[in-house]
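Observations on the model geometry
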Amino acid sequence: MPRIITGFVHGVDAMNRFIGRIAMYLIFVLVGVLLWSSVSKVAFLPSLWTLETAQFVMVAYYILGGPYSIQLGSNVRMDLFYGGWSVKTKAWVDAFTVFFLMFYLVVLLYGALGSLAYAMGYFGMQPLEYFAEFFGALFTGGFEAAGEKLGYLERSSTAWRPFLWPVKLILAFGIFLMLLQTLAELFRDIGRIRGVEI
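Residues numbered from 1 in each chain as written. Predicted model: local features only at pLDDT ≥ 70, side-chain atom pairs only at ≥ 80, totals over all residues. Heavy atoms only, no water.

1. Structural notes on the confidence of the model for the protein
Rule in force here: pLDDT runs from 0 to 100 and stands for how confident the predictor is about each residue. A run of DSSP states H or I qualifies as a helix once it reaches four residues; a run of E qualifies as a strand once it reaches two. Both are numbered from the N-terminal end.
With 95% of its residues at a pLDDT of 70 or more, the protein shows a mean pLDDT of 86. Looking across the protein, the model is least confident in helix α5 (residues 127–149), with a mean pLDDT of 78, and most confident in helix α1 (residues 3–24), with 94.

2. Let's talk about helix α3 (residues 50–72)
Our working rule: Given a helix with a known number of residues, its expected span is that number minus one, times 1.5 Å. Given a residue, its bend is the angle between the two axes fitted to the seven residues that end at it and to the seven that start from it.
Under the 1.5 Å per step criterion, the end-to-end length of α3 is 32 Å for 23 residues, consistent within 8% with the ideal 33 Å. Along α3, the sharpest kink reaches roughly 40°, centred on G66 and followed within four residues by the proline P67. In the segment just after α3, G73 is the residue with positive phi, at about 75°.

3. Digging into the side chain of Q181
What counts, and what does not: Any pair of nitrogen or oxygen atoms within 3.5 Å is treated as a polar contact; in protein, a donor-acceptor pairing is required on top of that, and neighbouring residues in sequence qualify only through side-chain atoms on both sides.
Along the chain, Q181 falls in helix α6 (residues 165–193). One polar contact links Q181 to N16, side chain to side chain, over a distance of 2.8 Å.

4. Here we look at the nonpolar core
This is how the line gets drawn: Side-chain atoms within 4.5 Å are what join buried Ala, Val, Leu, Ile, Met, Phe, Trp, Tyr and Cys residues into a set we call a nonpolar core. Accessible area is worked out with a 1.4 Å probe on protein chains only. A residue is then buried under 20% of its type maximum, exposed over 50%, and partly exposed in between.
By size, the foremost hydrophobic cluster in this structure holds 28 residues, and its most contacted members are L64, L109, M120, Y130, F131 and I175. Listing elements by their share of this core, those giving two or more residues are α1, α3, α4 (87–119), α5 and α6. In terms of residues, this core owes the most to one element, α4, which gives 10 residues. I5, V9, V12 and F187 belong to the second largest nonpolar core, which has seven residues in total.

5. A few points about the environment of K168
Among the structural elements, K168 can be located in helix α6. Accessibility expressed as a relative area gives 16% for K168, which makes it buried. Spatially, the C-alpha atom of K168 lies 33 Å from that of I198, the residues being 30 residues apart in sequence.

6. Things to note about the pattern of salt bridges
Two side chains carrying opposite charge are able to pair once their charged atoms lie near each other. Stated formally: Criterion for a salt bridge: a side-chain nitrogen of Lys or Arg within 4 Å of a carboxyl oxygen of Asp or Glu.
Going through the model one piece at a time under the given rule, you end up with four salt bridges. Residues R188 and E185 are paired through a salt bridge, measuring 2.5 Å at the closest nitrogen-oxygen approach. One end of the pair is R188 and the other is E185, both in helix α6 and three residues apart, which spans about a single turn. The pair R188 / E185 is uniform in exposure class, with both members buried.

7. Focus: the environment of E129
Summarising the element assignment, E129 is placed in helix α5. Placed 26 residues apart in sequence, E129 and R155 show a C-alpha to C-alpha distance of 23 Å.

Spelled out as structure tokens, the structure:
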């Protein structure tokens, strides 16, 4: 395999391993929030923020840990015949099925970017155009210029009313990481088909 592909696979693996391990620690944050929620209900303390915080942390936990689980091969698989096949046959099947996952992730990423653009208050352009303008303004004019590109920021409809763009940003970022990891797995499968371990 060319060195650029090997470097890409190892780089994506290292990045998703690092982010995945950090995401694993979010379970402790989630346990803390849920514990506080239980204690606050008994002690009649304000806990308006706990439900949505738990949901946001759960989204981050699953979506940022997803690429790491793909890398480890710990995703759920229907294994009627797969376990008995040779490494090369498994690589062919995985390389074939990864295209369906990549198509799904591209569509999901596009939807997540559109939802993020909506949460950031922009309704007129396609999401990629909006983000190109937003980040262009951020890099050329700083935070003030980028702030002018923001519209009405979407909030949750609950009493606490937190902004929704942070969780939608994490969602889009996690889907992008899954797409990168899936591409790395495709290159790894192609290597196995050719008899080269990446």
